[in-house]
Amino acid sequence: MNGEPDFELYTISLIRLNTAFEKLETDEKEALEMIKKSSDDFEELYKDILNDLEKDEILIADYYSFFENGKTVFPMYIEALRELDVNDESVDSLINIFTNLNKIAQAFDRN
């Protein structure tokens, strides 16, 4: 990343995750594959964010918007994932990633 969140990866991963939630009742295997892919993408995004935040120069306005949105979005996904009636490592991984992103969002200051 170049000092800004990868909004494209974020958006695609959220769309895939939402689609997986819808498919869980009709095709659990495909839904879990989609959750796994989203987990992999969010892991990449999370690592990129950590790397960016350690840099001297980042696009603070972009990260501010990302984390302001995340303060609402991350807790919703944490709750939705915890409510799933599946035992899958990818679900646990996503919960951890969203929890960590939420912690960063809560502590993120524009200054």
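Cut-offs applied
Residues numbered from 1 in each chain as written. Predicted model: local features only at pLDDT ≥ 70, side-chain atom pairs only at ≥ 80, totals over all residues. Heavy atoms only, no water. Phe/Tyr/Trp six-rings, centres within 6.5 Å; stacked < 30°, edge-to-face > 60°. Helix = DSSP H or I, 4+ residues; strand = E, 2+ residues; numbered from the N terminus. Buried < 20%, exposed > 50% of the residue type's maximum accessible area, 1.4 Å probe, protein only. Lys, Arg positive; Asp, Glu negative; His and termini not counted. Salt bridge = Lys/Arg side-chain N within 4 Å of Asp/Glu carboxyl O. Axes fitted to C-alpha atoms, helices over the stretch in contact; angles between N-to-C directions. Parallel < 35°, antiparallel > 145°, perpendicular 65-115°, else oblique. Left-handed = near helix turned anticlockwise from the far one by under 90°. Contact = heavy atoms within 4.5 Å.

Novice: How would you summarise the packing of aromatic side chains if you had to cite specific residues and measurements?
Specialist: The description of two aromatic rings rests on the distance between their centres and on the angle between their planes. On inspection of all chains with the given rule, the structure shows twelve aromatic pairs. For the pair tyrosine 10 and phenylalanine 42, a centre-to-centre distance of 6.0 Å together with 90 degrees between the ring planes defines the contact as edge-to-face. Taken together, the residues tyrosine 10 in helix α1 (residues 7-23) and phenylalanine 42 in helix α2 (residues 28-53) connect sequence positions 32 residues apart. Side by side, tyrosine 10 and phenylalanine 42 carry an identical accessibility label, which is buried. Ring centres 5.1 Å apart and planes at 70 degrees place the aromatic pair phenylalanine 66 and phenylalanine 67 in the edge-to-face group. What makes phenylalanine 66 buried here is its relative accessible area of 2%. The class for phenylalanine 67 is buried, based on a relative accessible area of 1%. Linked through ring pairs, Phe7, Tyr10, Phe21, Phe42, Tyr63, Phe66, Phe67, Phe74, Tyr77, Phe98 and Phe108 together constitute an aromatic cluster.

Novice: Describe the side chain of aspartate 88, naming the residues involved and giving the relevant values.
Specialist: Here aspartate 88 is to be found in the loop between α3 (60-83) and α4 (89-107). For the buried aspartate 88, no salt bridge is present, and the opposite-charge side chain at shortest range is lysine 36, 8.1 Å distant.

Novice: Talk me through the packing of α2 against α4; I want residue IDs and the actual numbers.
Specialist: The relative placement of two packed helices is expressed as an angle between their axes plus a distance between the axes. α4 packs onto α2 with a crossing angle of 30 degrees between their chain directions and a minimal axis gap of 9 Å. One element, α2, and the other, α4, form an angle in the roughly parallel class. Judged by the sense of rotation from one axis to the other, the crossing of α2 with α4 is left-handed. Between α2 and α4, the residues in contact are Ile35, Lys36, Ser38, Ser39, Phe42, Glu43, Tyr46, Ile49, Leu50 and Leu53 and Ser90, Val91, Ser93, Leu94, Ile97, Phe98, Asn100, Leu101 and Ile104, respectively.

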